[in-house]
Amino acid sequence: MHVTTYSSAARAASAAAALILGRLARQPSLVLGLPTGHTPIPLYRALARAHRAGRADFSRVTTFNLDEFAGLGAGDPGSYHTFMTTHLFSQVNLRPAHTHVLDGRAHDWRREIARYERLIERAGGIDVAVLGIGRNGHLGFNEPGDQLDARTHRVALRPGTRRANAVLFGNRWQDVPTHALSMGIGTILNARCAILLATGAAKARIVARALTGPITTRVPASLLQTHPDVIVVLDREAAAALQDRRV
Ligand code: GLP
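Residues numbered from 1 in each chain as written. Predicted model: local features only at pLDDT ≥ 70, side-chain atom pairs only at ≥ 80, totals over all residues. Heavy atoms only, no water.

Caption draft 1: Representation of the side chain of Glu68. Mapped onto the elements, Glu68 comes out in strand β4 (residues 67-69). Among buried charged residues, Glu68 stands out as having no salt bridge; its nearest opposite-charge side chain is Arg105, 8.2 Å away. A distance of 2.9 Å separates a polar atom in the side chain of Glu68 from the backbone nitrogen of Tyr80. A distance of 3.0 Å separates a polar atom in the side chain of Glu68 from the backbone nitrogen of His81. Leave out the neighbours within four places in its chain, and Glu68 touches Gly73, Ser79, Tyr80, His81, Val101, Leu102, Gly104, Ala180 and Leu181. (Helix = DSSP H or I, 4+ residues; strand = E, 2+ residues; numbered from the N terminus. Buried < 20%, exposed > 50% of the residue type's maximum accessible area, 1.4 Å probe, protein only. Lys, Arg positive; Asp, Glu negative; His and termini not counted. Salt bridge = Lys/Arg side-chain N within 4 Å of Asp/Glu carboxyl O. Polar contact = N/O pair within 3.5 Å; in protein donor to acceptor, adjacent residues only side chain to side chain. Contact = heavy atoms within 4.5 Å.)

Dropping the structure here:
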């Protein structure tokens, strides 16, 4: 695990963008796993800026988002699909047919999760999984528990997770769907490389637990410790609790 810390969230986001752009330059047909949330917004802005400046061509890139709310899909204001369209898909030259988001509106969610796993497989697997971290240590929507699902699955969201996502629903957490579809922890760990981006003081405690605590399903992000190629990009605030711990 390679941990890098920057003086501000903006710098951390630029560093994560630079890592992705470096990979893209070497491999134009990169397959990316992508997160939502507040944290990656400046990262997506940096990627869009690079594209506008002629420094990044996404025409051969394929993307797979980590998760989506059950019942929501493209065009729904609170959906992750709409979030991605706003912050990235409409800002760079990604081909619509190459951007994949789980369809939360799918009638048959079992079929949908199987379809998603097949698509990832057909794309040759994920080269770089870009990840955020929930305050309870979730990755995608892999919530803490006695056990985790290896593959893409349907999940019941914790109240805290619904509150953390309330901003997408006019700050009414009761309007946040109770369930979601999420890439499994095994699907995420199958990525050849993972970049974990975490910023802000609210993430300090969980970052320290995930990176230096025991590997446990109670902190899904701690499973990243088992992956051979993880780059952690933090701002000073998110790194604050790591100081006395070895990474
Ligand atoms: C959501 C997403 C996660 C994301 C997390 C953190 O729950 N499902 O993939 O990592 O939020 O979001 P934020 O960056 O807003 O703290």
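The rest of the description comes next.
Caption draft 2: Here's a closer look at the sheet that holds strand β7 (residues 153-156). Spatially, three strands are ordered β4-β8-β7 in an open sheet, and the strand pairing comes out antiparallel. Only two strands of the sheet have a single partner each, and these edge strands are β4 and β7. Pairwise comparison of adjacent strand axes, ignoring direction, gives a mean angle of 25° for this sheet. In the sheet, β7 pairs with strand β8 (residues 179-182) via four bridges, with the strands oriented antiparallel. Paired with Ala156 across the two strands is His179, which belongs to β8. (Pairing = 2+ DSSP bridges. Axes fitted to C-alpha atoms, helices over the stretch in contact; angles between N-to-C directions.)

Caption draft 3: Seen up close, the layout of surface pockets. What the largest pocket holds in volume is close to 760 Å³. If you trace the largest pocket, you find 31 residues lining it, with Gly37, His38, Thr39, Ala164 and Lys203 closest to the centre. For the lining of the largest pocket, the elements supplying multiple residues, two or more each, are α1 (9-26), α2 (41-52), α3 (80-89) and α5 (159-164). Sort the elements by how many residues they give to the lining of the largest pocket and α5 lands first, with three residues. Here the residues of the lining of the largest pocket are counted per class, giving 15 nonpolar, 13 polar and three charged. (1 Å grid on protein atoms, 1.4 Å probe; cavity = no way out; pocket = protein on both sides within 12 Å on 5 of 7 lines; lining within 4 Å. Points joined across faces, edges and corners; volume = space filled by probe spheres on them. Nonpolar A, V, L, I, M, F, W, Y, C, P; charged D, E, K, R; others polar.)

Caption draft 4: A look at unusual backbone geometry. At Asn171, a residue that is not glycine, the phi angle is positive and equals roughly 60°. Within the secondary structure, Asn171 is located in the loop between α5 and β8.

Caption draft 5: Structural context of the site of the ligand. Residues in contact with the ligand amount to 13 residues; listed here are only the nearest, His38, Thr39, Asp67, His138 and Lys203. Taking Asn165, its side chain carries an N or O atom lying 3.3 Å from an oxygen atom of the ligand. Between Lys203 and the ligand, the recorded distance is 2.6 Å, taken from a side-chain N or O atom to an oxygen atom. Considered on its own, the ligand offers 390 Å² of accessible surface; in the complex 92% of this is hidden by protein. In a pocket analysis with a 2 Å cut-off to the grid points, the ligand is assigned to the largest pocket. Classifying every residue of the shell around the ligand gives three nonpolar, eight polar and two charged. (Near = heavy atom within 4 Å. Areas by Shrake-Rupley, 256 points an atom, 1.4 Å probe, with all protein chains shown as cover. Sits in = over half its atoms within 2 Å of the grid points.)

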